[in-house]
Amino acid sequence: MTQQTLAEQVTAAIHNVVGSQSASLHEPIFAGHEWDYVKECLDTGWVSSVGNFVDRFEHDLATWTGARHVVAVVNGTAALQVALLISGVRSGDEVMIPSLSFVATANAVSHAGATPHFVDSSEETLGLCPLALSDYLADIIEQRNGQPCNRLTGRRISAIVPMHTFGHPVDMPALQAVAEKHGIVIVEDAAESLGSWLGDRHTGTFGRCGVLSFNGNKVITTGGGGAILTDDPELARRAKHLTTTAKLPHRWAFQHDEIAFNYRMPNLNAALGCAQLEQMDGFLFRKRQLAERYLQAFAGLDKARLFTERAGTRVNYWLQTLLLDTAVSDQRDAVLAATNDAGLMTRPIWELLHTLPMYINCPKMPLTVVQTLSRRIINIPSSASLIHG
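An account of the accompanying structure is given in this report. (Residues numbered from 1 in each chain as written. Predicted model: local features only at pLDDT ≥ 70, side-chain atom pairs only at ≥ 80, totals over all residues. Heavy atoms only, no water.)

## Some remarks on the layout of surface pockets
Moving on, step 1. Estimated volume of the largest pocket: approximately 440 Å³.
Moving on, step 2. For the lining of the largest pocket, the elements supplying multiple residues, two or more each, are α4 (76–86), α5 (103–111) and β15 (347–348).
Moving on, step 3. Among the elements that make up the lining of the largest pocket, the one with the highest residue count is α4 (3 residues).
Moving on, step 4. The residue makeup of the lining of the largest pocket, split by class, is 11 nonpolar, 11 polar and 4 charged. (1 Å grid on protein atoms, 1.4 Å probe; cavity = no way out; pocket = protein on both sides within 12 Å on 5 of 7 lines; lining within 4 Å. Points joined across faces, edges and corners; volume = space filled by probe spheres on them. Helix = DSSP H or I, 4+ residues; strand = E, 2+ residues; numbered from the N terminus. Nonpolar A, V, L, I, M, F, W, Y, C, P; charged D, E, K, R; others polar.)

Rendered as structure tokens:
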């Protein structure tokens with residue numbers, strides 16, 4: 001009997017979980033009050049950036065995450081740009097971010113006028129590695145006028161942005177210790193991790209600010225949308241002011257006191273988000289069930305394993321993640337081809353940010369771990385709808 005190739009084994013394992021059906025990578029479920037809430041917006045005419053659903057969505061997100069303040073905006077990139085600005089990032093600064101992240105992380109830094117400085121990741125979390133960062137900063141940082149600066153470029157290092165990859169929390173306590181040692185602010189990119197916890201704290205609540213995304217492929221969606229989380233009332237006030245064109249309150253006059261952004265989330269999108277958030281527990285339950293079934297299906301494979309939550313965390317399993325052994329990383333594309341040919345949408349990790357043409361000349365530390373991870377990661381069908389009931 002001919003032995004199955006790794007590509008055939010992976011395809012069979014996925015089919016064992018999802019059945020013979022084709023399966024997309026991640027698609028939304030609209031099974032609650034979405035139609036009712038959106039229709040209410042249409043019936044009342046409150047469809048833009050002012051309305052009851054915007055206020056309600058912010059309140060419900062604060063309740064869910066434990067953040068004291070939430071400001072809903074048009075998308076996660078805008079949320080991160082504004083979060084960086086209100087946290088003190090200025091034009092000409094450097095911001096430490098993982099090279100293994102979606103391009104929006106680097107773009108938001110650039111939109112804030114700063115330069116991305118790329119950092120290696122941990123194989124235990126797939127996110128920014130505090131130990132590697134600590135060693136690296138010890139070599140490059142010098143204090144100038146009480147500010148942490150990169151002695152090689154002369155630029156101030158004003159923030160560290162961990163990203164919780166596919167919903168798996170970074171080791172935030174260790175990272176906080178590194179940041180505090182050097183006097184650097186943390187702004188969390190929690191775009192992928194709504195519903196993920198580190199101990200008893202929700203991701204996005206460890207830094208000065210955190211941000212979420214509600215793109216169509218996230219655990220819950222508002223179509224497009226994002227949010228800024230913070231415990232600081234003044235930062236929340238400033239975030240709302242900046243994202244509302246810096247308009248000063250007045251009964252009729254249009255008075256603005258600084259250059260700002262038209263970034264507030266429309267009521268239509270917030271209505272969708274309110275309905276989605278009501279179903280969040282069910283979505284997470286089904287996604288965890290899916291992870292358990294994948295774990296069983298891949299148990300017999302020697303060269304590929306499901307990436308699962310580590311002790312002390314509870315993960316939303318936004319995208320189910322297969323990690324190939326280093327020895328078979330050259331078979332990744334064969335696995336991708338075979339699964340997609342079988343109607344199973346699988347994807348590799350994003351192109352590493354430091355290799356993109358617009359970021360290729362940005363500063364970076366040695367990126368040993370992400371170089372290997374980028375050749376070994378495959379995301380497999382992850383929709384909560386794959387678990388019925």
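Further notes follow.
## Here we look at helix α6 (residues 130–140)
Moving on, step 1. Regarding α6, the residues found buried are P130, A132, L133, S134, Y136, L137 and I140.
Moving on, step 2. On its buried face, α6 is in contact with β2 (94–98), β3 (115–119), β4 (141–144), β5 (147–150), β6 (157–160) and α7 (172–182). (Buried < 20%, exposed > 50% of the residue type's maximum accessible area, 1.4 Å probe, protein only. Contact = heavy atoms within 4.5 Å.)

## Regarding the nonpolar core
Moving on, step 1. Among the nonpolar cores identified, the biggest contains 65 residues, and F57, L61, L133, L137, F214 and I220 are the most heavily contacted of them.
Moving on, step 2. Setting aside residues up to four positions removed in sequence, F57 forms contacts with A72, F214, I220, T222, M265, A270, G273, C274 and L277.
Moving on, step 3. Ranked by size, the runner-up nonpolar core spans 34 residues in total, among them F118, I228, A239 and Y359. (Core = buried A, V, L, I, M, F, W, Y, C linked by side-chain atoms within 4.5 Å.)

## Re the packing of α6 against α7
Moving on, step 1. Where α6 meets α7, the closest approach of the two axes is 9 Å, and the angle between their N-to-C directions is 15°. Classified by the interaxial angle, the pair formed by α6 and α7 is roughly parallel. When the axes of α6 and α7 are compared, the crossing they make is left-handed. Contacts from P130, L133, S134, L137 and A138 in α6 reach A174, L175, V178 and H182 in α7.
Moving on, step 2. Taken together, the residues that form the contact of α6 with α7 break down as 7 nonpolar, 2 polar and no charged. (Axes fitted to C-alpha atoms, helices over the stretch in contact; angles between N-to-C directions. Parallel < 35°, antiparallel > 145°, perpendicular 65-115°, else oblique. Left-handed = near helix turned anticlockwise from the far one by under 90°.)

## Re the sheet that holds β6
Moving on, step 1. The 7 strands are arranged β1-β11-β10-β7-β6-β2-β3 in an open sheet whose pairing can be described as mixed. Sheet topology places β1 (69–73) and β3 at the edges, where each strand pairs with a single neighbour. Put simply, the sheet's adjacent strands are angled 25° from each other on average, direction ignored.
Moving on, step 2. By the bridge criterion, 4 bridges tie strand β10 (residues 209–213) to strand β11 (residues 226–230) in an arrangement that is antiparallel. Bridge assignment links G210 to a residue of β11, and that residue is L229.
Moving on, step 3. Against the sheet, helix α3 (residues 52–65) makes contact with β1, β10 and β11, and its axis sits at roughly 130° relative to β1, the strand it touches most. (Pairing = 2+ DSSP bridges.)

## Here we look at the sheet that holds strand β9 (residues 201–202)
Moving on, step 1. The sheet built from 3 strands is open, its strands ordered β9-β8-β13 with antiparallel pairing. Each end of this open sheet is capped by a strand with a single partner; those strands are β9 and β13 (313–314).
Moving on, step 2. The pairing of strand β8 (residues 197–198) with β9 spans 2 bridges and is classified as antiparallel. Counterpart to L198 in the pairing with β9 is R201.

## Looking at the pattern of salt bridges
Moving on, step 1. Under the definition given, this model contains 12 salt bridges.
Moving on, step 2. Measuring nitrogen to oxygen at the nearest pair gives 2.7 Å for the salt bridge that ties R264 to E58. Of this pair, R264 sits in the loop between α8 (233–242) and α9 (267–278) while E58 sits in helix α3; the two residues are 206 residues apart in sequence, bridging distant segments of the chain. For the pair R264 and E58, one class covers both residues: buried.
Moving on, step 3. In this structure, R376 and E123 form a salt bridge, with 3.2 Å as the shortest nitrogen-oxygen distance. With R376 in the loop between α12 (368–373) and β16 (377–380) and E123 in the loop between β3 and α6, this pair connects stretches of sequence that are 253 residues apart.
Moving on, step 4. Residue R376 is classed as buried on the basis of its relative accessible area, which comes to 5%.
Moving on, step 5. Each of R56, D60 and E278 takes part in one network of salt bridges that share partners. (Salt bridge = Lys/Arg side-chain N within 4 Å of Asp/Glu carboxyl O.)

## Describing the state of the cysteines
Moving on, step 1. A complete count under the given rule lists 0 disulfides for this structure.
Moving on, step 2. Here C274 stays free of any disulfide, with the sulfur of C41 as its closest cysteine sulfur at 8.8 Å.
Moving on, step 3. Residue classification places C274 among the buried positions, given a relative accessible area of 1%. (Disulfide = S-S within 2.5 Å.)

## Quick word on unusual backbone geometry
Moving on, step 1. Phi is positive for T245, which is not a glycine, with a value near 60°.
Moving on, step 2. Relative to the elements of secondary structure, T245 occurs in the loop between α8 and α9.
Moving on, step 3. T245 gets classed as partly exposed once you look at its relative accessible area, which sits at 28%.
Moving on, step 4. One non-glycine residue, Y317, adopts positive backbone phi at about 50°.
Moving on, step 5. Structurally, the position occupied by Y317 is in the loop between β13 and β14 (320–324).
Moving on, step 6. For Y317, a relative accessible area of 6% translates into the label buried.

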